[in-house]
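Examination of the molecular architecture
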Number of protein chains: 2
Amino acid sequence: MVVDANFPTAAEALTALREGHVSSREVVQACLDRIREHDDNVEAWAFLDPELALGQADRADEFRARGRPLGPLHGLPVGVKDILDTADMPTENGTVLHRGRTPAEDAAVVERLRTAGAVILGKTVSTELAVYSPGKTKNPHDPARTPGGSSSGSAAAVASFMVPLAVGTQTNGSVIRPAAFCGVFGFKPSHGLISRHRILKQSPPLDTVGVMGRTLEDTALLADALIGYDSRDPHSRPRAHPQIGRILAEEPPVEPKLVFIRTPVWDQAEESTKDALRELCEHIGDISIMELPPVFDGALEDHRRIMEADLAVSFAKEYRDGKDQLSNVLREMIERGRQVLAMDYNSALARIADYRAEIDEITHEFDAILTPAVAGEAPVGLDATGSPAFCTIWTLAGVPALTMPVLQGPNGMPLGVQMVSAKGDDARLFRNARWLLGTLEEE
Amino acid sequence: MVVDANFPTAAEALTALREGHVSSREVVQACLDRIREHDDNVEAWAFLDPELALGQADRADEFRARGRPLGPLHGLPVGVKDILDTADMPTENGTVLHRGRTPAEDAAVVERLRTAGAVILGKTVSTELAVYSPGKTKNPHDPARTPGGSSSGSAAAVASFMVPLAVGTQTNGSVIRPAAFCGVFGFKPSHGLISRHRILKQSPPLDTVGVMGRTLEDTALLADALIGYDSRDPHSRPRAHPQIGRILAEEPPVEPKLVFIRTPVWDQAEESTKDALRELCEHIGDISIMELPPVFDGALEDHRRIMEADLAVSFAKEYRDGKDQLSNVLREMIERGRQVLAMDYNSALARIADYRAEIDEITHEFDAILTPAVAGEAPVGLDATGSPAFCTIWTLAGVPALTMPVLQGPNGMPLGVQMVSAKGDDARLFRNARWLLGTLEEE
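The model shown is predicted, which means the values in this text are computed figures rather than measured ones.

The rules behind these values
- Residues numbered from 1 in each chain as written.
- Chains lettered and ligands numbered in written order.
- Predicted model: local features only at pLDDT ≥ 70, side-chain atom pairs only at ≥ 80, totals over all residues.
- Helix = DSSP H or I, 4+ residues; strand = E, 2+ residues; numbered from the N terminus.
- Rg over C-alpha atoms; globule rule 2.2 N^0.38 Å.
- Buried ≥ 20, exposed ≤ 12 C-beta atoms within 10 Å, placed from the backbone.
- Pairing = 2+ DSSP bridges.
- Axes fitted to C-alpha atoms, helices over the stretch in contact; angles between N-to-C directions.
- Contact = placed C-beta atoms within 7 Å.
- Least-squares fit on C-alpha atoms with pLDDT ≥ 70 in both.
- Nonpolar A, V, L, I, M, F, W, Y, C, P; charged D, E, K, R; others polar.
- Expected span 1.5 Å × (residues − 1).
- Right-handed = clockwise from strand over helix to strand, strands pointing away.
- pLDDT = per-residue confidence, 0-100.

A closer look at the overall build of chain A
Looking only at helices and strands, chain A features 15 helices and eleven strands. Here the C-alpha radius of gyration of chain A, 20 Å, is about what a compact globule of 443 residues would show, namely 22 Å. The principal-axis extents of the C-alpha atoms in chain A amount to approximately 60 × 55 × 45 Å. For chain A, the proportion of its 443 residues judged to be buried stands at 57%.

Details of the sheet that holds strand β4 (residues 165-170) of chain A
Residue and element names in this part refer to chain A. Pairing is mixed across the open sheet formed by eleven strands, whose spatial order is β1-β3-β2-β4-β6-β5-β10-β11-β9-β7-β8. Strands with a single pairing partner mark the edges of an open sheet, and in this sheet they are β1 (45-47) and β8 (287-290). Strand-to-strand twist of the sheet, defined as the mean angle between neighbouring strand axes without regard to direction, takes the value 35°. Two strands pair when backbone bridges link them, and strand β5 (residues 185-188) and strand β6 (residues 208-213) are joined in this way by three bridges, in the antiparallel orientation. Its bridge partner being in β6, Phe185 is matched across the sheet by Gly213. Sheet contacts for helix α2 (residues 24-42): β1, β2 (77-81) and β3 (119-124); angle to β3, the most-contacted strand, approximately 20°.

Overview of the relation of the copies chain B and chain A
Least-squares fitting of chain B to chain A yields an RMSD of 0.0 Å, with the transformation described by 0.0 Å of translation along the axis and a rotation of 180°. Both copies are brought into coincidence by an operation consistent with a two-fold rotation axis. Of the residues that chain B buries at the interface, 100% are likewise interface residues in chain A, meaning the two copies contact each other through the same surface.

Re the interface of chain B and chain A
With 17 residues of chain B at the contact, the number on the chain A side is 17 residues. Elements with a minimum of two residues in the side of chain B that touches chain A: α10 (299-314) and α13 (342-365) of chain B. In terms of residues, the side of chain B that touches chain A owes the most to one element, α13(B), which gives six residues. For the side of chain B that touches chain A, a count of residues per class yields ten nonpolar, four polar and three charged.

Some words on helix α10 (residues 299-314) of chain A
In an α-helix, one turn spans 3.6 residues, which is why side chains three or four residues apart end up on the same side. Between the first and last C-alpha of α10(A) there are 22 Å, a value that for 16 residues agrees with the 22 Å anticipated at 1.5 Å per step. Most of α10(A) is tucked away, with 13 of its 16 residues classed as buried.

Brief notes about the pairing of strand β8 (residues 287-290) of chain B
All names here are of chain B. Relative to β8, strand β7 (residues 258-261) runs parallel, the two being bridged by four bridges. Residue pairing across strands places Phe260 opposite Ile289, the latter belonging to β8. For the crossover from β7 across helix α9 (residues 271-284) to β8, the handedness is right-handed.

Section: the pairing of β5(A)
All names here are of chain A. Side chains Phe185 and Phe187 of β5 all project onto a buried face; the interleaved residues Gly186 and Lys188 project onto the opposite face, where all are buried too. Bridge count between β5 and strand β10 (residues 401-408): three bridges; the pairing is antiparallel. Note that in β10 the partner of Lys188 across the bridge is Ala401.

Brief notes about the environment of Ala353(B)
All names here are of chain B. Within the secondary structure, Ala353 sits in helix α13. Judged by local crowding, Ala353 falls into the exposed class, with 11 C-beta atoms found within 10 Å. Taking C-alpha positions, Ala353 is 9.8 Å from Leu396, a pair spaced 43 residues apart along the chain.

Points about the confidence of the model for chain A
Residues and elements named next belong to chain A. Looking at chain A, the pLDDT average stands at 96 and 98% of residues meet or exceed 70. Per-residue pLDDT stays below 50 along residues 1-5; that stretch engages in 14 contacts with residues further than four places along the chain or on separate chains. Among the scores for the predicted complex, ipTM is 0.88 and pTM is 0.91.

Section: the sheet that holds strand β3 (residues 119-124) of chain B
Residues and elements named next belong to chain B. Pairing is mixed across the open sheet formed by eleven strands, whose spatial order is β1-β3-β2-β4-β6-β5-β10-β11-β9-β7-β8. Bordering the open sheet on either side are β1 (45-47) and β8, each of which pairs with just one other strand. Averaged over all pairs of adjacent strands, the angle between their axes in this sheet comes to 35°, without regard to strand direction. The sheet contacts of helix α5 (residues 152-159) involve β1, β2 (77-81), β3, β4 (165-170), β5 (185-188) and β6 (208-213), and relative to β4 the element is tilted by about 155°. Running at roughly 55° to strand β11 (residues 414-420), α9 makes contact with β7, β8, β9 (368-372), β10 (401-408) and β11 of the sheet.

Remarks on unusual backbone geometry
Backbone torsion omega between Gly149(A) and Ser150(A) reads 5°, so that peptide bond is classified as cis. Relative to the assigned elements, Ser150(A) resides in the loop between β3 and α5 (152-159).

Some remarks on the environment of Ala156(A)
All names here are of chain A. For Ala156, the position within the fold is in helix α5. Distance from Ala156 to Thr385, taken between C-alpha atoms, is 13 Å for residues 229 residues apart in sequence. When sequence neighbours within four positions are dropped, the list of residues in contact with Ala156 reads Val42, Ala44, Thr137, Asn139, Pro140, Pro147 and Cys182.

Shown next as structure tokens:
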């Protein structure tokens, strides 16, 4: 277990940088040292060039020394999942089929990170084409267990203090699940808040950029830096910036009313998870428990249909030219996807509005939803990344979801619990999460 | 032939209204008189309540008398296709299945018209669910001929001076074709410029609101009033308003370079149409002639696939509950649409970007494209609305298209010619059209 350092959070590092107690080179060097020491056991990185990272740090320090205007993440290292294009590093999308791929331009998110002054420390490991087939990464709490996926490297790197913040993506459970398995905060914002321009396209109605950090505040910091309208992403919509960091710091006007929702896949949760969640609800005390209405019964099937049909188009070239180099699981998804009827696909897409409306209804009555993030602690074995089933409905509905590392499994592994809100309610989700974390600390 | 009155244009009527020479009640009453006199032969209106229209006119006059702020169309009557929801009139979508349907709220376009001060004169006839099966309307130039569709009533009403301006919609050729057949200007703007909120949904990637008028300036006036971002339409994007009316009035900085494009369906044009267009090109003199690159060979098939697959979902309820009351042609389209694979549907959608890029290429070299609007004059017979084939590619690509009534067929019927530009180039399209009209007048 490599999770033992008392490393500064992103917020602490930024304060130290701002106050001149530390340089960006020193912060980046500390990350690189940490990686050199521990990454043989974790393998969180798909690409890492220490000189490239230190060069960015030096430029950040020089900028600061000259008194030039600085962004909110100035000098701070951030890890980026290896499905986001980077102009100065390879982007291999977790597949041998894209080995040596060097895009000419940055993803919109990477542009935003650079504008915010961040140092792109390196590229974190993704599963094969950000679907299920695992990369090399191990869970930093137990190298015999999966870190979860598809944002495996981002979760493992943040969990093992190799970098304070990392960017991931989620089409089903790819941010929440690895964050929950690795014991960090993971946030999947409302669909459309962060641009997917120049990120590997799986399924545009579902694909969502997410963020990971070791504290709620750090996670908000990165989300705030990435959120913004981008006309190059067809699902991006101009909206007022949610100002998550600012709202997070406010006290809720009244004590939030929470509801615990089992979801239709509750049976898939391990007994120990059910027990841990029951205990958590008892701790909270004033929490309602409800089932999702029957309209959600087909939600997992709708998600599967949309995602697989989209994979068939998004990965048509990989399927045509390199079918043999795809994993069986992905090849079978694509082959099922090739058979989906447009009518069924479009009907499933149309039902997203219904799911969203039901969640809106629930959040009229309750301030936030509490629900499992995963079925249990990270499973033993590196040949799979665990079930995303507890994330599917929220991803499909495009609502914001946050996993918080507040539980522990029977083997001492971290176990996230998920908080969910209505679409667009990202900032209040964080405020309610902070309130809940405060409540738990008091006990 | 009812097209003989020397009725004021929209611009003239607005000036007279502004200068107090005429009241809105008088303008509306003149339209109602004209309709009473001629509509038995044209049948352009699906719903018309003279008292409702006069009531709106009186309110407009009262507003003006009180010196309150007035919109750009204040007091002007406008016809609205009967697939746009109106809170104060029925909206029956051209099908017996929706007979007596009275929506509670206005379409976004109707909201905009009311905000602009327009009087909603009445609802104009649409074909069945805005697809091919004709309504009752006849061509005002020859009642034995089709007015074209699906915006049949809008085109016929404007052509027969029953209303100066009318709103239509186009998913294939439903604005350009009836305008070309009836001898009025018809404009289909760039996809996404005008909101489709609360308009009968056929195929969101294709559905486009368009406008008709008797002059280029009038057409621009109505387009300018309707264009604007609407977050309730998922294809609406925030953009600078194109200010068509303002740009239209400017002189082109240099003489526009036009290109004549036959399109892959040139063989479907009648010989007399080909002759008329050849003559037009000779008149213009300095015009290039080119073929579309082979990438467009599959465009009509892509359009068919997208539209039919979307019809299967959009009209699933009508198909399920009232299959026998649908026309054969629509039922067969839906049944083909039910068989389309999601992969083929999504691949066709993805190719829209390719088509658009090719048109961008062409418009880098040329200022505007000239191309047939229709195969020939409006066909004899009221059981069909003519071929939309010369509109399909431009609708699919989402580029702006304008038909101008500058030609005549062998039987003296009007024959539109279509001008097309790159997506987003709506205002320059009008400026180039005005230049072309000036050139033709000189001769």
